[in-house]
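For reference, the chains in residue letters:
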Amino acid sequence: MRRLPLRRLVPLVALGLVGTAALGATAACGDATDATAGGSGPVTLRLGYFPNITHAPAVVGVEKGIFSEKLGSDVKLETKTFNAGPAAIEALFSGALDATYIGPNPTVNAFSKSKGEAVRVVSGAASGGVALVVKPEITSVEQLHGSRIATPQLGNTQDVALRYWLKEKGLSTTKEGGGDVKVVPQENAQTVETFLSGAIDGAWVPEPYVSRLVNAGGTVLLDERDLWPDRKFVITNLIVSTKFLKAHPDVVKKLVEGQVAANDFVNSKPDEAQQAVSDHIGKITGKPLDVKLIKQAWPTLEFTNDPIASSLKTGLDHAVAVELTQPVDLNGLYDLKYLNEVLRAQGRPEVTQP
């Protein structure tokens, strides 16, 4: 299929390019399928995801055997977990992954670096679950002047959202940590400690770190859902290697069936799903995530099969506005054919193809 040309994305850390600079457009040509693809035996599908609440459909789908059931005996499922989007994209580019659950900015990064060839978004997974938590004495945006606010990574989805919101409110930031508000990129796991020590005055972060900061004495100054139409914006979607998609469309459709079934489970059996998330994270990290914390964070998330493509495009526009990247032509990024086939077969509304 012919793709419209992409404008080159400036290789800034803004879209998580650290560690991926050498991967380039040739990544789309990597061996992204199992050696058995052209021979006898089951096809292997290597699926990536993060052990956290915003990836609950993936976590539950693996823990409850939903993906394995939908994929069937002819597909061997191998799973890999990641802590950050750039690492998952590197694995996909190198051929170590065939599909992964991931956030919007790494999705754009993968599409751009491969000149629109390497990946396709085949389904949504989750929306929401992000907020700005601050010290209780800060009750207005004006009081943020001179403050230090943490984000997970320079140029990541939450970092862009914070900088754009501050710009709209007349407060400046710089990539170097200067300006009216000093933005401090740091690992999410550090935020509670730095917040309690006074090193930061707040953080724009995803769950469960929002709830952890609130439990540490912070207050929510802004729920990011309030900035978006219908309070919806993509936090996690499901992408597939284009090479794997072309070689095994039937497997991709089964994977999407698994995603839809996993979301059905998450939405219809929240208590069981929350326990599954806790148990599964415990198996991976050695320490189950507190179910009480999961229950606290759960209402801020919506688990949806709609990838909410308009919000990804708006997020990219915001990154351009705060000078963390240049425009990218996203034509061809979404392939929702199989998602809509699955939804249609179940008599459910289809998702509009961007």
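Refer to the structure above for everything that follows.
Okay, so let's go over this structure.

Rules behind the numbers
- Residues numbered from 1 in each chain as written.
- Predicted model: local features only at pLDDT ≥ 70, side-chain atom pairs only at ≥ 80, totals over all residues.
- Heavy atoms only, no water.
- Axes fitted to C-alpha atoms, helices over the stretch in contact; angles between N-to-C directions.
- Helix = DSSP H or I, 4+ residues; strand = E, 2+ residues; numbered from the N terminus.
- Left-handed = near helix turned anticlockwise from the far one by under 90°.
- Contact = heavy atoms within 4.5 Å.
- Nonpolar A, V, L, I, M, F, W, Y, C, P; charged D, E, K, R; others polar.
- Salt bridge = Lys/Arg side-chain N within 4 Å of Asp/Glu carboxyl O.
- Buried < 20%, exposed > 50% of the residue type's maximum accessible area, 1.4 Å probe, protein only.
- Pairing = 2+ DSSP bridges.
- Right-handed = clockwise from strand over helix to strand, strands pointing away.

1. A closer look at the packing of helix H5 (residues 157-168) against helix H12 (residues 309-321)
Closest axis-to-axis distance for the H5/H12 pair is 9 Å, and the angle between their directions is 65°. Considering how the two elements wind past one another, H5 and H12 form a crossing that is left-handed. Contacts from Val-160, Tyr-164 and Lys-167 of H5 reach H12 at Gly-315, His-318, Ala-319 and Ala-321. Its residues assigned to classes, the contact of H5 with H12 shows four nonpolar, two polar and one charged.

2. Details of the pattern of salt bridges
In this structure the tally under the stated criterion is 15 salt bridges. In this structure, Arg-344 and Glu-350 form a salt bridge, with 2.9 Å as the shortest nitrogen-oxygen distance. Take Glu-350: its relative accessible area is 43%, and that puts it in the partly exposed class. Within the structure, one salt-bridge network assembled from shared partners comprises Asp-223, Arg-225, Asp-226 and Arg-231.

3. Quick notes on the environment of Arg-212
Residue position: Arg-212 is located in helix H7 (residues 209-215). As a C-alpha pair, Arg-212 and Thr-191 span 21 residues in sequence and 9.1 Å in three-dimensional space. Setting aside residues no more than four positions away along its own chain, Arg-212 makes contact with Val-192, Leu-289 and Leu-293.

4. Examining the pairing of strand E7 (residues 182-185)
Examined bridge by bridge, strand E6 (residues 148-151) and E7 share four bridges and lie parallel to one another. Each residue of the ladder has a partner; that of Ile-149, found in E7, is Val-183. Read as a crossover between parallel neighbours, the route from E6 over H5 to E7 is right-handed.

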